[in-house]
Amino acid sequence: MMHNYLYLAIILFCLGIVGVISRRNVFTVFMSIELMLNAANLAFIAFARVHENMDGHVLAMMVMAVAAAEAALALAVVILLHKHKSKLDTNVFSLLKG
Amino acid sequence: MEQSVNYLGLIPLFPLMGAVFIGLLHVFTCNRAKLPEKVYGILACIGPVLSFVLALKVFIALKELPAASRFLSHKAFIWFSVGDLHIDMGFLADPLSCLMLLFVTFIGSLIHIYSIGYMGGDKNYGKFFAYMNLFLGSMLVLVLGDSPVVMFVGWEGVGLCSYLLISFYSEDRSNVLAGNKAFIVNRIGDLGFVLGMSFLFWGIGASGFDYLSLKANVQNLEPAIALTVCLLLFVGATGKSAQIPLYVWLPDAMAGPTPVSALIHAATMVTAGVYMVARFSFLYAGVELAGNIVAWVGILTALLAAIFGMFQEDIKKVLAYSTVSQLGYMFAGVGVAAYSAGIFHVFTHAFFKALLFLGAGAVIYALHHEQNIWKMGGLKAKMPRTYITMVIGAFALAGCPPFSGFFSKDEILYSALATGHYGIWAVGVLVAGMTAYYTFRMIFVVFHGEPRDHHAYEHAHEAPSVMTVPLIILAVGALFAGFFNLPAIFGGDQMVSHWLAPSLSEHHPHASVFVEIIAIGASVVAFAIGFKIAYSKFGQGAPAPSYKGFADFAYHKFYVDELYDAVIVQPYKAIGSSIWKVIEPNVTDAPVKGVSRLYMVLGAAFKVFQVGYVRVYAIYMVLGLSLMSLLLSQSLN
């Protein structure tokens, strides 16, 4: 029972990683990050359930709050990026190239 | 046994406060509407005069105490205290420093008053008086300091002020160079002083580093260290008091305004070295070799400077070399352990040298800054007061009885003879004759005969009374100061020697009256011969001579400056530039540049990982976190 939840969390997390690494659209990358966060949430909730402890719930709520704040900030950044180059391709933004 | 009086600290404080106040006033007003010169002049004289009044008070207070316990002290505050070393900002007045105090403040005040007239019209009038007050204040710190460290503060202070004042007319590059020279040469001497002080502390400093403790513990000092300390301190004295081999700065110091020369030569600065040796008489008295070295260096300096003095054409340089020469006598005196004689010569010399300088200043002032004696002549009629006072000063300098210089110089020569230093005595008598010659050569050429430059002669005029009154006061001093220490043979009671006795570790030599008569007779004969030669050559006026052979060599000061330049300055510059051009780029810079090159290479290597795509950074993050997780799980197992 417990294992299934964790398998699902791992699968979701890996999907998120693959999305961040392979996709070039800023929105897709962003959604992949959200996916990874929710995978972590799922693991928290699962462990909380098994151990009958509320700490996991607390952390899950906290992650959601942070994710919401992050979404607000990230979308603002996305708008600025778009204003700057009129594109949402992450390969266009490579100012840190050494 | 010592009494604490708090007004002692005020003596140096008055001129120092004056310096700060006048300096600020000058800084805040020099670019705007200028204050009248009178304001500065009066402000500048307040400090020295108040110090003189307090010095008199100190003298009276000391006189009331019994001779053996004539100490007044004042500890202003603890300056610093590290380990064994406890230094108070303390002042000590004993008979020795009290005598110095009296004439330093007295002559300093007169020179300040004279400067009001001499410096009239100068655009840096305020700055001049600020420096002068600072100079006097530093000298008073030097004299009153109760430990070598406090003395050193004053010692450096007078060095600084001499630099500031010698290069006072700083528009002219040669004046600035003269100031630099004075400062650098003094620094060389100061190094000796610092080293000597360190050795002294190393030897016996742990049980108190003020003079009284040092004096009490001096017998614990090992002889070798005592000799080292004496010689190193004397190196300091040769710098400050212009002895061989560091005398070269003093003649160049004539670049400054004439009152500064008077202050340096008479009251402050050059007498510091003699005072220091007398102050450490408890040390020098125990090391005969050091005393002999001091005496011989002194008398040879006297001889050398007298030779130079005979061929100079600048009126101030004649006087400068005469000062070097007289300082040589003083060191000869303190060297043969006749400390009171040396200090007494400092005392009388202060009067007649200040007088001669201020007189020379009046002549220069009258001739609109002409200093070449071969362009003067016949000024006797135009400047009678200056003439008479300067002749008195010249007689005192030449050592003619009964002028003050005779008694003090004779005391030194007599002490040398009585203690068996015949060589020093013989050279001393020779120099006495030369002194008479070059002094009166100057007097005759400047004041007698026919005017050589008629244009300058027509415009010459007597100086204003603010300048001549100090001259007259100093002339009275130059005439009578000798009677303070009249030797027994003239029916005197050697007042100054007895007054100084508690401060100094000296044993008066007992010699027969015969020896004393020989000493006096030789001095008088030497004076008479020197005077006679000068009179026969220059008494009726003489043209400017052209020097040949030895005279030319002496006129160029034996090329000592050039020698120093070739032997010390140029190699030093060569070493400096070789360090700059060879060692610095190849030795010291190499590791520094190597490190920067290493980071450039490393940077280029790691550059390839910085691709700039956010996806790649995500990969790095995933890899890193995975690695961390693996390691973590390994360590947990």
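The rules behind the values
- Residues numbered from 1 in each chain as written.
- Chains lettered and ligands numbered in written order.
- Predicted model: local features only at pLDDT ≥ 70, side-chain atom pairs only at ≥ 80, totals over all residues.
- Helix = DSSP H or I, 4+ residues; strand = E, 2+ residues; numbered from the N terminus.
- Rg over C-alpha atoms; globule rule 2.2 N^0.38 Å.
- Buried ≥ 20, exposed ≤ 12 C-beta atoms within 10 Å, placed from the backbone.
- Contact = placed C-beta atoms within 7 Å.
- Core = buried A, V, L, I, M, F, W, Y, C linked by C-beta atoms within 7 Å.
- Expected span 1.5 Å × (residues − 1).
- Pairing = 2+ DSSP bridges.
- Nonpolar A, V, L, I, M, F, W, Y, C, P; charged D, E, K, R; others polar.
- Axes fitted to C-alpha atoms, helices over the stretch in contact; angles between N-to-C directions.
- Parallel < 35°, antiparallel > 145°, perpendicular 65-115°, else oblique.
- Left-handed = near helix turned anticlockwise from the far one by under 90°.
- pLDDT = per-residue confidence, 0-100.

Chemist: How do you make sense of the overall build of chain A when you look at a structure like this?
Modeler: When helices and strands are tallied, chain A shows 3 helices and 0 strands. In chain A, the order of α-helices and β-strands from amino to carboxyl end is α-α-α. Taking 13 Å as the expected radius of gyration for a compact globule of 98 residues, we find that chain A reaches 16 Å, considerably beyond that expectation. Counting only C-alpha atoms, chain A reaches 50 × 25 × 25 Å along its principal axes. Out of the 98 residues in chain A, the part that is buried amounts to 10%. For chain A, the share of sequence-separated contacts (at least 6 apart) that also reach a separation of at least 24 residues comes to 45%.

Chemist: I keep staring at the overall build of chain B and nothing clicks. Help me out?
Modeler: The helix and strand inventory of chain B stands at 25 helices and 3 strands. Seen through its C-alpha atoms, chain B measures out along the principal axes to roughly 110 × 60 × 55 Å. Sorting the 637 residues of chain B into buried and exposed places 51% on the buried side.

Chemist: For this particular structure, what's the right way to read the nonpolar core?
Modeler: One recurring pattern in soluble globular proteins: nonpolar side chains tend to sit buried together. Residue and element names in this part refer to chain B. Counting residues in hydrophobic clusters, the biggest one holds 214 residues, and the most contacted among them are Ala 354 and Ala 478. Broken down by element, this core gets its largest block of residues, 19 residues, from helix α15 (residues 339–366). Leave out the neighbours within four places in its chain, and Ala 354 touches Ile 107, Leu 110, Ile 111, Ala 262, Ala 266, Ala 267 and Leu 474.

Chemist: Looking at this structure, I do not really get helix α22 (residues 513–538) of chain B. What am I missing?
Modeler: Residues lying three or four places apart along an α-helix face the same way, a consequence of the helix completing one turn every 3.6 residues. All names here are of chain B. Taking 1.5 Å of rise per residue, 26 residues should cover 38 Å, and α22 covers 37 Å from first to last C-alpha, within 8% of that figure. Buried residues of α22: Ala 519, Ala 522, Ser 523, Ala 526, Phe 527, Gly 530, Phe 531, Ala 534 and Phe 538, and no others. Where the residues of α22 are buried, they touch α16 (384–398), α17 (404–418) and α18 (422–447).

Chemist: Is there a simple way to think about the pairing of strand β3 (residues 85–93) of chain B in this case?
Modeler: Taken residue by residue, a regular strand's side chains alternate between the two faces of the sheet. Residue and element names in this part refer to chain B. Of the strand pairs in this sheet, strand β2 (residues 72–82) and β3 are connected by 9 bridges, and their pairing is antiparallel. Across the sheet, residue Val 82 finds its bridge partner in β3, namely Leu 85. Hairpin geometry of β2 and β3 is characterised by an intervening segment of 2 residues between the two adjacent antiparallel strands and by a positive phi of about 55° at Gly 83.

Chemist: Where do I start with the interface of chain A and chain B in this structure?
Modeler: The accessible area lost on association of the parts is a frequent measure of interface size. At the interface, 10 residues of chain A touch 10 residues of chain B. Across the side of chain A that touches chain B, the residue classes tally to 5 nonpolar, 4 polar and 1 charged.

Chemist: I'm lost on unusual backbone geometry in this one. Help?
Modeler: Residues and elements named next belong to chain B. Of the consecutive residues Ile 244 and Pro 245, the connecting peptide bond is found in the cis state with omega at 5°. Counting through the fold element by element, Pro 245 comes out in the loop between α8 (223–240) and α9 (249–252). Residue Pro 402 is reached from Pro 401 by a cis peptide bond, and omega for that bond is 0°. The residue Pro 402 is located in the loop between α16 and α17 in this model. Its identity as a non-glycine residue notwithstanding, Tyr 559 has a phi of 55°, on the positive side. Along the chain, Tyr 559 falls in the loop between α23 (549–555) and α24 (560–607).

Chemist: How should I be thinking about the packing of α15 of chain B against helix α20 (residues 465–480) of chain B in this particular structure?
Modeler: For any two helices packed against each other, the geometry is given by the interaxial angle and the distance between the axes. All names here are of chain B. Close contact between α15 and α20 brings their axes to 9 Å; oriented N to C, the two are set at 150°. Relative to α20, the element α15 is oriented roughly antiparallel. Considering how the two elements wind past one another, α15 and α20 form a crossing that is left-handed. Judged by residue contacts, Phe 351, Phe 352, Ala 354, Leu 355, Leu 358, Gly 359 and Ala 362 of α15 engage Met 467, Pro 470, Leu 471, Leu 474, Ala 475, Gly 477 and Ala 478 from α20. Across the contact of α15 with α20, the residue classes break down as 12 nonpolar, 2 polar and no charged.

Chemist: Teacher, can you tell me more about the environment of Ile 225 of chain B here?
Modeler: Residue and element names in this part refer to chain B. Counting through the fold element by element, Ile 225 comes out in helix α8. You can call Ile 225 partly exposed: it has 14 C-beta atoms within 10 Å. In the structure, Ile 225 is positioned 256 residues away from Ala 481 in sequence and 39 Å away in space, judged by C-alpha atoms. Among all residues touching Ile 225, those that are not within four sequence positions of it are Phe 199 and Gly 203.

Chemist: Can you walk me through the confidence of the model for chain B in this structure?
Modeler: Detail in the predicted coordinates should be disregarded across regions flagged by low pLDDT. The predicted model of chain B averages 87 in pLDDT, with 99% of residues at 70 or higher. This prediction of the complex comes with two scores: 0.79 for pTM and 0.88 for ipTM.

Chemist: Can you help me understand helix α3 (residues 55–85) of chain A in this one?
Modeler: In this model α3 of chain A runs 44 Å from its N-terminal to its C-terminal C-alpha over 31 residues, within 8% of the 45 Å that 1.5 Å per residue would give. Count one or two residues on from α3 of chain A and you reach Ser 86 of chain A, which has phi positive near 60°.

Chemist: Where do I start with the packing of helix α2 (residues 37–64) of chain B against helix α4 (residues 125–144) of chain B in this structure?
Modeler: Residue and element names in this part refer to chain B. Two elements in contact, α2 and α4, have axes separated by 9 Å at closest approach and are oriented at 5°. Classified by the angle their axes make, α2 and α4 are roughly parallel. For the pair α2 and α4, contact is made by Glu 37, Tyr 40, Ala 44, Gly 47, Pro 48 and Ser 51 and by Tyr 125, Gly 126, Phe 129, Met 132, Asn 133, Leu 136 and Leu 140, respectively. Of the residues in the contact of α2 with α4, the class split is 8 nonpolar, 4 polar and 1 charged.

Chemist: Is there a simple way to explain the environment of Ala 381 of chain B in this structure?
Modeler: Residues and elements named next belong to chain B. Here Ala 381 is to be found in the loop between α15 and α16. Given 11 C-beta atoms within 10 Å, Ala 381 falls into the exposed group. Taking C-alpha positions, Ala 381 is 18 Å from Glu 370, a pair spaced 11 residues apart along the chain.

Chemist: I'm lost on the environment of Lys 181 of chain B in this one. Help?
Modeler: Residue and element names in this part refer to chain B. Assignment of secondary structure puts Lys 181 in helix α6 (residues 173–204). You can call Lys 181 buried: it has 21 C-beta atoms within 10 Å. For the pair formed by Lys 181 and Leu 250, sequence separation is 69 residues and the distance between their alpha carbons is 9.2 Å. Leave out the neighbours within four places in its chain, and Lys 181 touches Trp 249 and Asp 252.

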